Structures are given as structure tokens and as C-alpha cells.
Amino acid sequence: MSGPSEMQRREAVRIEGLSKVYDDGTLALDGVDLTVYEGEFLVVLGLSGSGKSTLLRCVNRLIEPTEGRILIHGEDMTAATGRTLRRMRSDVAMIFQQFNLVRRHTVLTNVLSGSLGRSGRLGSYFLRFSEIERKKALEFLERVGLEGRDQSRADALSGGQQQRVAIARALMQEAKLVLADEPVASLDPALRHSVMRHIEGLNRDEGMTVMCTLHDIDLVRRYATRLVALRAGRKVWEGTADEFDDETFLEIYGQEAEPAAEVA
Amino acid sequence: MAAVPRDPISDVQQRILERQNTPWKKGVRRLQGLFVDAVLILLVLLMLEFLALAFSGRRGPTGLLLTPEEILDRLTYPWLALAAGFLALVWNLFYRAIGTSPGRALVRGAMKEEENLPWTQTSRGWFSVLLIQLTFFTGWLVTEVQVVAFLTKFSKAQDIVRGLMNPSADVLHQGLILLVQTIFLAFMATAFAIPIAFAVSFLAARNLTRANFWSRTAYLVVRTLMNLTRAVEPLVWALIFISWVGIGPFAGVLALWVHSVAALVKLYSEQIESIDNGPVEAITATGASTLQVLRYGVVPQVIPPFLSFTIYRWDINVRMSTIIGFVGGGGIGYILKPRVDLGAWGEVGTLVILIAVTVWMMDIVSAKIRERIV
């Protein structure tokens, strides 16, 4: 395992016995235990429907877990309510497969919405933010290579650009942890690395811990520092990118799956 | 990709299922299904008896054939209700032999082996078809459909039609003035309705009111209140408000306002229920407050359809305000009613044309504006 030994590393997220049963009876997560350490780029693998998205959404309680406990930096997320819940959420940024921008708002407003967790002021209801926040937002837009686009409507941008706005929004949130749910799955393959590199930037330059679900094995090997695999809602494998070989691949995805050419 | 083999049922799932399927809840669902079946079977029995009586040639006290009202009065309701209850019970007890009953299928789903069968192979399929057929034939008799009169007796309406075709200019001036009042009346009713409907619609949207007990209660209260309000015709509201604030356009404004609030809440909340949940998730994830989530995640998505619905509502209100005038709620209907009663068909014709042209124009304008917005 690369980096300092586990003993020295501080826990960013600790998940204990996490289960989720949806109202229709579907079992999405079945007693998952998982620890994510600070500074990690953890990739969650698994087939569609294996519970990856549910796992990420339980971490910031977009989905209520049925059973189990989640600690974020030692604080119990599952027990948090009201103000505490909101404060804890503001420390966890999220990037989505469908970008989830407010389409009719400007790019700038979308980035600024990342700061909503800390600005309960009346102005936010009129889309007004302080000059300091605006400056920050413009700076983040520049960092993701979208300078000059701040007044465009969000839906006027291409998919790759929209996802970069979402990354700027995550930067604006000044979170310690980033959840990325298939961040490049709806993008053109040619644009995937550009977006992934920005997420890598959040991890390396901003020191944010990243929990990311990915489909593309190629990307997994390139960006992950550690991997976790889910299958039918259970954790079935855990290890580093180096340990992830063909055999493991078949174990996770089933015998009929075919590893990508690069893996062989 | 390989299908992932899954354990038949896991521990957590088992625990959840037990929590959901308490004997009490099971019993309630069984009763619901039974009740639905009893009602449906009762309807079938009633209509069968109705048709039997109608074709029996039996005569009433006046020596004439029974009228539909007289038949409805003579049906053996209590006995049929008992029979229906009994049959429903039998169907629900022996559903394995007979096939899933409609009520059971509605409340708990059909049996596995029936799931993919066409309707011709299920008992509830045949039952539904029988129900629909009976309803149509009974409806034909109850509403006294007279095809012959409709096709041959047009001449009796000739006077009216001739009058309408030859509008008189006498009421044109007064009609135009009241037409302006009608349009404003509809506009004010809509304008007053917007802020209230907007605020209330968030409480009437299922997807925003799942969070806790209070929001679920608010949802139920608002929905019920709005359904009741909508169920009362604007004409009745007009009568209430005429006694309240006196005859005149303001009573009409209030009547249409109440109805518009209820109608807009329904349209608005349905729109809120169909939004893309993505932005809501994204804004929630930033740690925003509930109101901020509404402001950023919901409002931007619903503004264009809300505008479109509102203009459509104004359009409807213009139409309705002509009727509101019939009972004294102001607008052009106020001078239309006495002329209908007097049979002054020429003047009625003028007013009808004025209304038709206005409604038509509103239709075009509102369609154009809505096109631009959405």
C-alpha cells in the first residue's frame, strides 16, 4: 500500500454495517463495512445495481440508510439532524453523473450555490452573494478552464464543461471529502481524462478525500489509490490498484464479463 | 454481463419485510380489496337489475312504462348489497380457483401465474369488460338517449339559431363595455390566485413532503382542502360571495379566485412532482437549508411551466366569468341571462359572438405566450 501506513492515517469516513432496503423491498446495501482514510482516492467498483450509488448517497444522507452507522471525521453522520446535518453535509461535496446543475441559472450562480451551506443569509434567496464569494467563484471557474463563461446559462454548456462547473461548485463548497458518482459516465470518452484530472486535482492540490464510483477499468487503474468492489450490496473485494488483476476482475464482475484490452 | 446471483432474501430484508407486513396491515389491505370487489360487484348487480326491469315491460302506477328514475327508485339495494358482499367474499376466499379478483389485484397485485396473461384469460379481465358494457347500456337508458329526435327534430330549434345568426346591434355597446370588465375580472382573479397557489403548491407536492410527520400532515390537509374547494363549482362560490360582498364583479373575482387557487395548486404541485431530482440532490448536498433547496433546486425548474399554467388559467377564467355573470357576479353574463330568459335571440347572438371572439383571441394569445416561455 502506498503512502504512510494505516496506523498513522486519519479516518475520513468510517462505515459500519451499512444496509439499505428501498421501500419496494430492493436490497441495495447489505452490511457494508468500509473505512476511507484522509487523502485517499478511493474508487468503488461493481456492476450497475451493485449498490455503488446508494453507498455514496448514504454517506451524505441523500438516501437514509436502513441500518448501520457512518462516521465522518469521527462525527456520527447517521445521527445528525437539522443544523448539524447541514453543517456536516457542507463538508462533503458531491459530483454527479448528470452534473445536476441548475440549468436556468448562470454558470456563476451555479458555482456560488456551492457556498449555500455556509451562507444562510437572506440574500441567497435573491441569488445574491458577497463580493468575496463571487471573487472566489470566478477564480475556481478559471481553475477549471471556464473563464469568461460565468454569465452563460448552465444548459448552454457542453457536457464536459457542465461537469467542470460542477467541480468548481465542489471547490466552492470548500469540503474535506468529495463524493463522485460516475462523474464521467455520460461524457464523451475523449473528455473523460480532462474531467478526471480535475477531480484528481481536488484530491492532490486541495487535499480532499475522494470517494468515486467508476465503470471504466482504464480510468480506475489510472486514478485510484485504493479500490473497493461491491456485488449485490456486499463488499466483495478491497485492495490497491496494483492488486487489481484479471482474476479479481472476473471475481467482481462475474465469469462472463470481459476485461478491457489494457488489463490483459 | 453476468447476472449476479442473489440470496433469496437477506437478514435486513427479512427484518424490513416483517416491519412492513404486520398482521394488522395485511388485514387492512385484505379488507380494502374486499371492499373494492364488493362495490364493483354491487354495481354489476344493480345494472343487471336495472336492465332487467327496463326490458320487462312492467308499467308504473300511471299505466305507462317505467321511467329510468322510477326504475332507479325500485332497485332492491339492500339485498343486492348483501349479495355483492357475499360474492366478493367468495371471490376473495377462493381466488386461487376463480382467479384474482379486481380488488385484490388493485390492492395487492395479481397472482404470479396471472401476471402476463391477456385479459381474455383472466376472470377479472372478463369482469371488467362486463362492467364497462353494462355501464354503457345502462347509461344509454338513464340519460334517455334519443337518436331519432336528435336526427329529425332540428326544426324546433330554428328560431334560436336564426336569431343567433342575425345578431342585433342594440347591445353591442353595452356588451363591449362589459366584455372589458369580464377580461379584467378574470385577470384579477388569476392575479390574486398566483401568490397563494405558489406558496401552497409546495405543500401539496408529494416529493417534497415525505420528510417528516408534519410535512406529511400538511400534504394531506392541503390536498383535501383543495380537492373540496375544487369540487364546489365556481357558480356556487359566486352565490356565496354575492351574499358576502354583494352583487357585482368583485363577487365574481372572489368566486373565480377561490376556484383558481385550487386548480392552480393542483397543476403547480403536479409540476413540482415531475421535476428532475438531480439539482435538488446537488443543492441538498451542499448543506443548504430546506428553503434554499426549494429556491435553487425546485423553483428554477418550475417557473416556466407555472407561467404557462397561469396564462392558461386566465384563459379559462375568461370563459368562466361569462357564466359567473348569470348569477350576478359581474361581467358580460350579467346582461346575457335576462335576454336568454326573454328569448331575445338576436341580442343573445351578439353577446355570444362577443364572448366567442374573446375566448378565441385569449386562446391564441395564451398559446403563443406559452410557446415562447416553455
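Cut-offs applied
Residues numbered from 1 in each chain as written. Chains lettered and ligands numbered in written order. Predicted model: local features only at pLDDT ≥ 70, side-chain atom pairs only at ≥ 80, totals over all residues. Heavy atoms only, no water. Helix = DSSP H or I, 4+ residues; strand = E, 2+ residues; numbered from the N terminus. Rg over C-alpha atoms; globule rule 2.2 N^0.38 Å. Buried < 20%, exposed > 50% of the residue type's maximum accessible area, 1.4 Å probe, protein only. Contact = heavy atoms within 4.5 Å. Areas by Shrake-Rupley, 256 points an atom, 1.4 Å probe, with all protein chains shown as cover. Pairing = 2+ DSSP bridges. Axes fitted to C-alpha atoms, helices over the stretch in contact; angles between N-to-C directions. Core = buried A, V, L, I, M, F, W, Y, C linked by side-chain atoms within 4.5 Å. Buried area = accessible area lost by both parts, 1.4 Å probe. Salt bridge = Lys/Arg side-chain N within 4 Å of Asp/Glu carboxyl O. Polar contact = N/O pair within 3.5 Å; in protein donor to acceptor, adjacent residues only side chain to side chain. pLDDT = per-residue confidence, 0-100. Phe/Tyr/Trp six-rings, centres within 6.5 Å; stacked < 30°, edge-to-face > 60°. Lys NZ or Arg CZ within 6 Å of the ring centre and 35° of its normal. Domains from an automatic or database assignment. Parallel < 35°, antiparallel > 145°, perpendicular 65-115°, else oblique. Left-handed = near helix turned anticlockwise from the far one by under 90°. Nonpolar A, V, L, I, M, F, W, Y, C, P; charged D, E, K, R; others polar.

A. Structural view of the overall build of chain A. Across its full length, chain A holds 8 helices and 10 strands. For a compact globule of 264 residues, the expected C-alpha radius of gyration is about 18 Å, and chain A comes in at 18 Å, within 12% of that figure. Looking at chain A as a whole, 55% of its 264 residues are labelled buried. Long-range pairs, those at least 24 residues apart, make up 67% of the contacts in chain A between residues at least 6 apart in sequence. As displayed, chain A has an accessible area near 11,400 Å², and 45% of this comes from carbon and sulfur atoms.

B. Expanded view of the sheet that holds strand E5 (residues 75-76) of chain A. Here 4 strands make up an open sheet; going across it, the order is E2-E1-E4-E5 (chain A) and the pairing antiparallel. On the outer flanks of this sheet lie strand E2 (27-37) and E5 of chain A, each paired with one strand and no other. Looking at chain direction, strand E1 (residues 11-21) of chain A and E2 of chain A are connected through 7 bridges and run antiparallel. The residue of E2 of chain A that forms the bridge with Val13 of chain A is Val36 of chain A. Against the sheet, helix H1 (residues 11-20) of chain B makes contact with E1, E2 and strand E4 (67-72) of chain A, and its axis sits at roughly 55° relative to E1 of chain A, the strand it touches most.

C. A look at the nonpolar core. Leu45 and Ile199 of chain A are the most contacted members of the largest nonpolar core, which has 80 residues in total. The next biggest cluster of nonpolar side chains, apart from the first, holds 32 residues, and it includes Ile15, Leu56, Ile72 and Met77 of chain A.

D. Here's a closer look at the interface of chain A and chain B. Chain A puts 45 residues into the contact, and the matching count from chain B is 31 residues. For the pairing of chain A and chain B, the buried interface totals around 3,300 Å² over both sides, and the portion due to carbon and sulfur atoms is 57%. Summed over the shared surface of chain A and chain B, the result is 2 salt bridges. At the boundary of chain A and chain B, one finds 7 residue pairs in polar contact (both at pLDDT 80 or more). Of all elements in the fold, only E1, E2, helix H2 (82-90) and strand E6 (92-95) of chain A reach the threshold of two or more residues within the side of chain A that touches chain B. If one sorts the elements of the side of chain A that touches chain B by residue count, H2 of chain A sits on top with 3 residues.

E. Seen up close, the confidence of the model for chain B. Per-residue confidence for chain B gives a mean pLDDT of 89; residues scoring 70 or more make up 97%. Low pLDDT, under 50, characterises residues 1-6 of chain B; the predicted model gives this stretch 13 contacts beyond four residues in sequence or across chains.

F. Focus on the environment of Leu93 of chain B. Residue and element names in this part refer to chain B. Secondary-structure assignment places Leu93 in helix H4 (residues 77-93). A relative accessible area of 59% places Leu93 in the exposed class. C-alpha separation for the pair Leu93 and Asn21, spaced 72 residues apart in sequence, amounts to 20 Å.

G. Spatial organisation of the packing of aromatic side chains. In the structure shown here, the tally under the stated rule is 16 aromatic pairs over all chains. When the ring of Phe213 of chain B is compared with that of Trp214 of chain B, the centres are 5.2 Å apart and the planes differ by 70°; the resulting orientation is edge-to-face. Taking relative accessible area as the criterion, Phe213 of chain B reaches 51% and is therefore assigned exposed. Where Tyr268 of chain B meets Phe306 of chain B, the ring centres are 3.9 Å apart and the plane angle is 10°; that geometry is what we call stacked. A residue pair is termed long-range when its members are at least 10 positions apart, and Tyr268 of chain B in helix H13 (residues 249-273) and Phe306 of chain B in helix H15 (residues 290-324) qualify at 38 residues. Of the two residues, Tyr268 of chain B and Phe306 of chain B, both sit in the buried class. Taken together, Trp237, Phe244, Phe249 and Tyr253 of chain A form an aromatic cluster joined through their ring pairs. Just above the ring of Tyr95 of chain B sits the side chain of Arg104 of chain B; from NZ or CZ to the centre is 3.7 Å. Directly above the ring of Tyr219 of chain B sits Arg206 of chain B, whose terminal nitrogen or CZ lies 4.3 Å from the centroid.

H. Local environment of the side chain of Thr35 of chain A. Examined against the element boundaries, Thr35 of chain A turns out to sit in strand E2. Apart from residues no more than four positions distant in its own chain, Thr35 of chain A is found in contact with Glu11, Val13, Arg14, Glu40 and Arg226 of chain A.

I. Structural view of the domain arrangement of chain B. Looking at chain B, the domain boundaries give domain 1 (23-145) and domain 2 (163-373). Put simply, the middle of domain 1 of chain B and the middle of domain 2 of chain B, counted by C-alpha atoms, are 38 Å apart.

J. Structural view of the sheet that holds strand E9 (residues 226-231) of chain A. All names here are of chain A. Pairing within the open sheet is mixed, and its 6 strands lie in the order E6-E7-E8-E3-E9-E10. Unpaired on one side and paired on the other, E6 and strand E10 (234-239) mark the two borders of the sheet. Strand after strand, the sheet turns through a mean of 20° between neighbouring axes, direction not considered. Of the strand pairs in this sheet, strand E3 (residues 41-45) and strand E8 (residues 209-213) are connected by 4 bridges, and their pairing is parallel. Following the sheet pairing, Val43 is matched in E8 by Cys212. The sheet contacts of helix H6 (residues 189-204) involve E3, E6, strand E7 (177-181) and E8, and relative to E3 the element is tilted by about 130°.

K. Quick peek at the packing of helix H14 (residues 277-285) of chain B against H15 of chain B. Residues and elements named next belong to chain B. Across the interface, H14 lies against H15 with an axial gap of 9 Å and an inter-helix angle of 160°. Compared by their axis directions, H14 and H15 come out roughly antiparallel. In this structure, H14 meets H15 at a crossing whose hand is right-handed. Facing H14, whose interface residues are Pro279, Val280, Ile283 and Thr284, H15 presents Gln292, Val293, Tyr296, Gly297, Val298 and Gln301. Across the contact of H14 with H15, the residue classes tally to 6 nonpolar, 4 polar and no charged.

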